[in-house]
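The residues making up each chain are set out below.
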Amino acid sequence: MTLPPPTTPRRRKQLDRSAATQEKVVHAAAALLQTNGYAATTVQAIARQGGISLGAMQHHFPTKALVMAAVLRHYGLKRASLYRRAMTHKTTPTEKIDAMLEALWTLICEGPEFIATIEIELARRSDAELAEATAPVLARIDAFMARWLANLTSNVPPTVWEPLRLLATTMLRGLALEIVRGTPLSELEKTYAIWCSFARAEYFKIISAYQKP
């Protein structure tokens, strides 16, 4: 097997600069989507917000749709990392479900990415280019959540969890819209706690139904 040539210091610096530029673009776009909405989040506005030249941004992301796909990908990676941290040392279904529900709430409260994803998903309805660029990323995010739910217990077929996966996603999107409307987080937290009690009951109902006699 032929090993790839080692990365030179100059090449490493170029890679680091590219990664830093892409990170600036993604964070700038997410912040603008949260505060200004999709229509006002133009490529020019993203470049200004990120403090980079328009040319440098378009070198990495030639179109606005590709920037939006990168924002979704960043959110998906953040979500996956959050779940993995939450699951550390959790062994029972009860521990795993409670950790998941806590992680979902953290997603809503930490950073602008979640509201940004809502803006992007709403814009997909009337933007064919955006819909095409973001469809694979959204599919991977949904597949990750489905796999995670399947890991709650080995006895339950993955398809059985699909309605609850969709319900959880719907709840999160609704909470995001309430945040946009200005509903205080303290009030939403109370609402989320009530929903969690229903969700726990449904999760355990499914687990009990598939328990071996």
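Rules and cut-offs
- Residues numbered from 1 in each chain as written.
- Predicted model: local features only at pLDDT ≥ 70, side-chain atom pairs only at ≥ 80, totals over all residues.
- Heavy atoms only, no water.
- Helix = DSSP H or I, 4+ residues; strand = E, 2+ residues; numbered from the N terminus.
- Buried < 20%, exposed > 50% of the residue type's maximum accessible area, 1.4 Å probe, protein only.
- pLDDT = per-residue confidence, 0-100.
- Expected span 1.5 Å × (residues − 1).
- Arc of directions from axis to C-beta.
- Contact = heavy atoms within 4.5 Å.
- Polar contact = N/O pair within 3.5 Å; in protein donor to acceptor, adjacent residues only side chain to side chain.

Observations concerning the overall build of the chain
What the chain contains, in helices and strands, is 9 helices and 0 strands. When the helices and strands of the chain are placed in sequence order, the string is α-α-α-α-α-α-α-α-α. If you line up the chain on its principal axes, its C-alpha atoms span 60 × 55 × 30 Å. A buried classification covers 39% of the 213 residues belonging to the chain.

Re the confidence of the model for the chain
For the chain, per-residue confidence averages 87 on the pLDDT scale, and 93% of positions sit at 70 or higher. Taking the mean pLDDT of every element in the chain, the minimum, 85, falls on helix H1 (residues 9-36) and the maximum, 96, on helix H2 (residues 43-50).

Some details on helix H8 (residues 162-181)
In a regular helix each residue adds 1.5 Å, so 20 residues correspond to 28 Å; H8 covers 29 Å between its end C-alpha atoms and thus fits that length. Buried residues of H8: Leu164, Arg165, Ala168, Thr169, Met171, Leu172, Leu175 and Ala176, and no others. Mapping the buried residues of H8 onto a view down its axis gives an arc of 155°, with all of them on the same face. Turned more than 90 degrees off the buried face of H8, the exposed positions are Pro163, Val180 and Arg181. Those residues of H8 that are buried are in contact with helix H4 (64-87), helix H5 (93-109), helix H6 (113-123), helix H7 (128-150) and helix H9 (185-209). Once H8 ends, the next one or two residues include Gly182, with phi positive near 100°.

Here's the deal with the environment of Val160
You can see Val160 is positioned in the loop between H7 and H8. Here Val160 is in contact with Ile206 and Tyr210, once residues within four sequence places are set aside.

Considering the side chain of Glu113
Within the secondary structure layout, Glu113 lies in helix H6. A residue is classified by how much of its surface remains accessible, and Glu113, at 6% relative accessible area, is buried. Within polar-contact distance, the side chain of Glu113 engages the side chain of His74 at 3.2 Å. A distance of 3.1 Å separates polar atoms of two side chains, one belonging to Glu113 and the other to Lys78. Non-local contacts of Glu113, meaning those with residues more than four positions away in its chain, are made with His27, His74, Tyr75 and Lys78.

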